[in-house]
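Structural overview
One letter stands for each residue in the lines below.
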Amino acid sequence: RLFSRAVVPPTRPASMADGLADKRKKLLLNLISEVKARLHGKVDSLSFPIPQFIVVGKQSVGKSRLIEGLAGEPFNFVSGTLGSRRPTVLELRNVPGLVPSRWSVYDEERQVWNAYPVQQVMQLVGQAHEKLGTNVSEVPIRVKVEGADTVDLGLVDLPGFRAYAKDPMMQELCMKIEKLVHKFMQDENNVMLCVEEAGDAAGFATLGKCKQVDPSYRRTILIRNKLDKYYDDLTADNINKWIEGFGDLPNDLVRYAVSLPHWNGPEPPKPFSQMRTECAERDTRTLAGKGMSQKYIQTIGIDNFRFYMEVKTQQLFADALTPMLSRLKAMKEDYESRCVLVKQESETICENNILHATRQAGICFAQSFNYLMEGALSSETNRKTMEEELRAFHDYVKRTGVLKESEATATTFPDFDSYIEYLRDTVQLPGMDVQLNGGAQFKRLMYEVEVFTRFAGLGHKFRREDVIQARGSALHEATWQNVIVLLMMHSGPSQMKEKTKYVGERIKWFFTEQKECTLQFMLAIKNSPEEHMYSQRINNQAKVIDRNETMKSCIYQAFDETCQRHQKAFMQMWNDWMNSMFTSPLKLLKAGSMPKIAGGYESEIAPTFQTTKLRIENERKGRDGLQNTLQRQIALIPSDDGLANEAVDMVQKIIEQTFGRIRSAVSDQMELYSKSFFLLPMLRRLEGDMAKLELADEDKMRYRARKTVLVEEEKRSTGILADLNWCIDAVQKFRITLGGGD
């Protein structure tokens with residue numbers, strides 16, 4: 001734990017050792033204060049391990065007077081009726097013999113402390129709060145107090161929680177303050193000084209807020225203020241129970257009970273430090289007189305609390321030196337890399353180099369896309385299960401309208417969920433519930449589109465009139481073969497084109513979803529187990545692309561255009577194939593010549609010339625077997641008009657059989673055609689398309705604007721790097737000369 005429940009005063013050291021300890025303590029506090037001041041607003045406090053005390057509590061609970069008790073003199077920062085609206089960072093330093101106290105305000109721009117008369121400091125702080133109006137700000141104002149009666153301590157005074165708001169404007173201000181204070185309370189580096197008015201612990205509202213963010217009270221200290229107003233309620237029967245909280249306070253919660261000076265009139269009747277000591281003595285004397293156990297004596301009175309805070313502040317800050325130094329060094333490496341990256345990007349997007357730099361980045365992106373499709377374990381971005389993928393695709397279809405509802409769904413199923421369950425339970429589609437991206441996701445997609453294509457149906461029942469109309473009447477009446485082709489062309493191609501259009505859109509959408517996967521794969525190569533397999537240039541280019549939205553947009557647009565062009569060629573290939581197939585199905589539909597797996601393989605192991613000729617003859621006959629079967633069925637169709645009904649049934653059956661054969665051929669070859677005429681052209685030609693990428697005038701203008709941003713970013717990063725170097729040198733010097741943090 002950061003704090004122990006009881007504080008035992010250490011043995012007073014010899015005068016020389018005492019002086020060295022005081023010197024070390026002040027240097028440590030000044031070091032931490034300087035580091036916080038230099039890095040405030042430049043780094044994320046949640047990730048930076050500098051501990052600090054924050055004072056939280058309701059308005060009028062005595063927070064300001066408690067801080068005055070630690071500072072050793074009274075003051076009043078805020079003027080007006082709205083109270084404080086921003087954090088006030090107080091750096092308190094004990095300087096023996098310094099009377100009156102010296103007050104300073106930190107100049108954030110020049111990074112120096114400027115000394116002012118105390119009244120002017122009050123005005124500066126009051127103005128910093130008042131200029132916010134009804135708003136709040138996280139930006140603090142920093143004040144240093146040095147004096148003979150001051151405690152060596154650093155803390156943050158936060159605006160008090162408001163219990164009442166009379167109008168909507170004040171209600172909004174209350175909510176803003178609540179949000180501001182809660183953000184500070186959530187920071188694990190902040191130790192909360194929870195100020196409550198002495199009384200029944202069950203009604204401590206601020207302590208309840210502390211418990212929400214610190215359930216174990218690991219970084220919470222309870223200060224029960226205005227103890228003198230509660231004297232009369234304490235008796236010998238309840239004094240010890242009240243100190244323990246009547247069961248409402250956990251045993252491991254650090255708690256103090258204090259009284260602080262108060263008086264009538266503008267000025268205290270005695271020196272404030274004297275009144276503070278009198279309050280502390282009166283608290284311990286009164287409670288001891290009421291029968292308080294001796295074990296609680298160290299938790300009563302402002303003097304005990306002051307001593308506790310001094311000891312624990314030094315302990316906390318000394319323990320923080322090592323993690324703080326480690327974090328500073330890590331941040332230094334990060335900002336050094338950032339400065340190099342900014343300089344590199346700034347050089348690549350100069351007026352004469354932006355097109356070449358964009359093309360080179362695009363080529364590197366295309367190469368990385370190839371790696372991703374080959375299978376990359378370090379790529380975690382945008383992985384999806386099949387259900388997530390299909391739902392995302394259908395959302396895309398609804399949003400863009402690229403497919404009609406009939407084209408995007410298998411009409412056999414009552415709803416989309418039924419189709420997904422069919423894939424999972426009946427088809428048992430490989431990798432159905434595994435999150436995939438890249439090449440593995442494409443392979444799983446091939447399974448799904450093949451299944452989807454097999455749901456294509458003719459969707460039309462021919463009537464007697466249709467068959468008669470198709471036969472016509474001329475010098476030479478149409479043969480039944482021509483009639484069948486004519487009727488199939490009526491609806492067959494459109495039904496199959498709907499399915500292949502779905503396939504084309506599915507593949508195109510899949511590719512567009514891989515853009516961010518590819519970029520994140522490029523970024524993740526660094527320090528991954530696969531790093532040795534790829535060029536370092538990939539990660540360097542990825543950082544530039546990721547930082548430069550204009551470059552990323554140009555590369556992504558070129559990728560989409562390439563994908564769109566290959567989709568168009570892919571669909572044209574399928575349309576031509578199906579038009580040819582439906583125009584001459586009896587000529588183009590061929591059965592497979594692959595022999596069945598059965599019997600022995602002696603003839604294949606050592607074939608003779610005669611067996612080879614026989615095999616080829618059988619395979620050729622097998623290829624024509626489907627065509628011969630259909631022709632025999634066509635020959636059985638009666639030509640007599642009186643038997644038209646029988647002819648219609650036979651024609652319908654032959655058309656459905658032929659359509660089924662075409663559907664099977666399309667489904668069987670879907671993966672082959674998708675890889676040959678969509679995937680492989682994308683992989684082979686994307687790099688060339690990136691090399692021919694052109695920039696629009698708008699892109700060139702955005703690059704010029706980016707150049708200005710980079711100049712400012714380089715200036716800011718260089719400044720932060722200088723601050724980090726100063727902080728590292730200061731911490732290392734302190735550890736070498738005075739020790740700490742080991």
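As the structure is a prediction and not an experimental result, all values here were calculated from the model. (Residues numbered from 1 in each chain as written. Predicted model: local features only at pLDDT ≥ 70, side-chain atom pairs only at ≥ 80, totals over all residues. Heavy atoms only, no water.)

1. As for the overall build of the protein chain
Helix and strand content of the protein chain: 22 helices and nine strands. Expressed as a percentage of its 742 residues, the buried residues of the protein chain come to 48%. When contacts within the protein chain are restricted to residue pairs at least 6 apart in sequence, long-range pairs at least 24 apart make up 82% of them. (Helix = DSSP H or I, 4+ residues; strand = E, 2+ residues; numbered from the N terminus. Buried < 20%, exposed > 50% of the residue type's maximum accessible area, 1.4 Å probe, protein only. Contact = heavy atoms within 4.5 Å.)

2. Description of unusual backbone geometry
Cis geometry marks the peptide bond from valine 99 to proline 100; its omega dihedral reads -5°. With respect to the helices and strands, proline 100 occurs in the loop between strand S2 (88-94) and strand S3 (102-107). The backbone phi angle of asparagine 382 is positive, close to 60°, even though this residue is not glycine. Looking at where asparagine 382 falls in the secondary structure, it is placed in the loop between helix H9 (354-374) and helix H10 (386-400). Since its relative accessible area comes to 25%, asparagine 382 is described here as partly exposed. Of note in this structure, asparagine 527 is not a glycine but carries a positive phi near 70°. Structurally, the position occupied by asparagine 527 is in the loop between helix H15 (480-524) and helix H16 (536-547). For asparagine 527, a relative accessible area of 67% gives the class exposed.

3. A word on the packing of aromatic side chains
Tallied over the entire structure, the rule returns 30 aromatic pairs. Taking the centre distance of 6.0 Å and the plane angle of 20° together, the rings of phenylalanine 442 and phenylalanine 511 count as stacked. Taken together, the positions of phenylalanine 442 in helix H13 (residues 438-453) and phenylalanine 511 in helix H15 put the pair 69 residues apart, joining distant regions of the chain. For the residue pair phenylalanine 442 and phenylalanine 511, the accessibility class agrees, reading buried in each case. You can call phenylalanine 511 buried: its relative accessible area is 0%. (Phe/Tyr/Trp six-rings, centres within 6.5 Å; stacked < 30°, edge-to-face > 60°.)

4. Here's the deal with the nonpolar core
Ranked by internal contacts, the top residues of the largest apolar core, which has 96 residues, are Ile507, Phe511, Trp574, Trp577 and Met690. When neighbours within four sequence positions are excluded, tryptophan 574 is seen to be in contact with Thr500, Val666, Gln669, Met670 and Tyr673. Counting 60 residues, the second-largest nonpolar core is a separate cluster that includes Val105, Phe305, Tyr308 and Leu316. (Core = buried A, V, L, I, M, F, W, Y, C linked by side-chain atoms within 4.5 Å.)

5. Digging into H13
In a regular helix each residue adds 1.5 Å, so 16 residues correspond to 22 Å; H13 covers 23 Å between its end C-alpha atoms and thus fits that length. For H13, the tally of buried residues reaches twelve of 16 residues, placing the bulk of the element in the interior. Among the residues of H13, Gly438, Gly439, Gln441, Phe442, Arg444, Leu445, Met446, Glu448, Val449, Val451, Phe452 and Thr453 are the ones counted as buried. (Expected span 1.5 Å × (residues − 1).)

6. With respect to the pattern of salt bridges
Tallied over the full model, the rule gives 37 salt bridges. Glutamate 188 serves as the salt-bridge partner of arginine 219, at 3.6 Å between the closest nitrogen and oxygen. In this pair, arginine 219 is assigned in the loop between helix H5 (205-213) and strand S8 (220-225) and glutamate 188 in the loop between helix H4 (168-186) and strand S7 (190-197), connecting sequence segments 31 residues apart. Under the relative-accessibility criterion, arginine 219 is labelled buried at 0%. Note on glutamate 188: relative accessible area 46%, which makes it partly exposed. The partner of aspartate 303 in a salt bridge is arginine 306, and the shortest N-O contact between them spans 4.0 Å. (Salt bridge = Lys/Arg side-chain N within 4 Å of Asp/Glu carboxyl O.)

7. Quick word on the side chain of threonine 500
Mapped onto the fold, threonine 500 is located in helix H15. Side-chain polar atoms of threonine 500 contact the backbone oxygen of lysine 497, separated by 3.1 Å. Those residues in contact with threonine 500, other than ones at most four positions away along the chain, are Met571, Trp574, Met578, Val666 and Met670. (Polar contact = N/O pair within 3.5 Å; in protein donor to acceptor, adjacent residues only side chain to side chain.)

8. Details of the sheet that holds S7
Read across the open sheet, the nine strands follow the order S4-S3-S5-S2-S6-S1-S7-S8-S9; overall the sheet is mixed. The sheet is open, and its two borders are formed by strand S4 (112-116) and strand S9 (254-257), each paired with just one other strand. Sheet twist, expressed as the average angle between the axes of neighbouring strands with direction ignored, equals 25°. Here S8 pairs with S9 via four bridges, running parallel. (Pairing = 2+ DSSP bridges. Axes fitted to C-alpha atoms, helices over the stretch in contact; angles between N-to-C directions.)

9. Overview of the environment of glycine 203
Within the fold, glycine 203 resides in the loop between S7 and H5. The class of glycine 203 is exposed, set by a relative accessible area of 56%. Separated by 45 residues in sequence, glycine 203 and aspartate 248 have C-alpha atoms that sit 9.5 Å apart.

10. Topic: the packing of H10 against helix H12 (residues 416-427)
It is the contact of H10 with H12, at a shortest axis distance of 11 Å, that shows an interaxial angle of 150°. With respect to each other, H10 and H12 are oriented roughly antiparallel. Remark: the crossing between H10 and H12 carries right-handed chirality. Between H10 and H12, the residues in contact are Glu387, Leu390, Arg391 and His394 and Phe416, Asp417, Tyr419, Ile420, Leu423 and Arg424, respectively. In the contact of H10 with H12, the residues fall into five nonpolar, one polar and four charged. (Parallel < 35°, antiparallel > 145°, perpendicular 65-115°, else oblique. Left-handed = near helix turned anticlockwise from the far one by under 90°. Nonpolar A, V, L, I, M, F, W, Y, C, P; charged D, E, K, R; others polar.)

11. Regarding the confidence of the model for the protein chain
Model confidence for the protein chain is summarised by a mean pLDDT of 83, while 86% of its residues fall at 70 or above. The least confident element of the protein chain, judged by mean pLDDT, is helix H19 (residues 602-605) at 54; the most confident is S8 at 95. Taken together, the stretch residues 1-14 has pLDDT below 50 and engages in 36 contacts with residues farther than four places along the chain or on a different chain. (pLDDT = per-residue confidence, 0-100.)

12. Digging into the pairing of S8
Across the six residues of S8, six count as buried, placing the element largely inside the fold. Alternating residues of S8 divide into Thr220, Leu222 and Arg224 and Ile221, Ile223 and Asn225, and every residue in both groups is buried. A crossover links S7 with its parallel partner S8, the connecting element being H5, and its sense is right-handed. For the segment spanning S8, helix H6 (residues 239-244) and S9, crossover handedness is right-handed. (Right-handed = clockwise from strand over helix to strand, strands pointing away.)

13. Concerning the pairing of strand S6 (residues 153-157)
When you tally the buried positions in S6, you get five out of five residues, the bulk of the element. Here three bridges tie strand S1 (residues 52-56) to S6, and the two strands are oriented parallel to one another. Of the residues in S6, the one forming a bridge with phenylalanine 53 is leucine 155. The pairing of S2 with S6 spans five bridges and is antiparallel. Bridge pairing in S6 places glutamate 91 opposite glycine 154.

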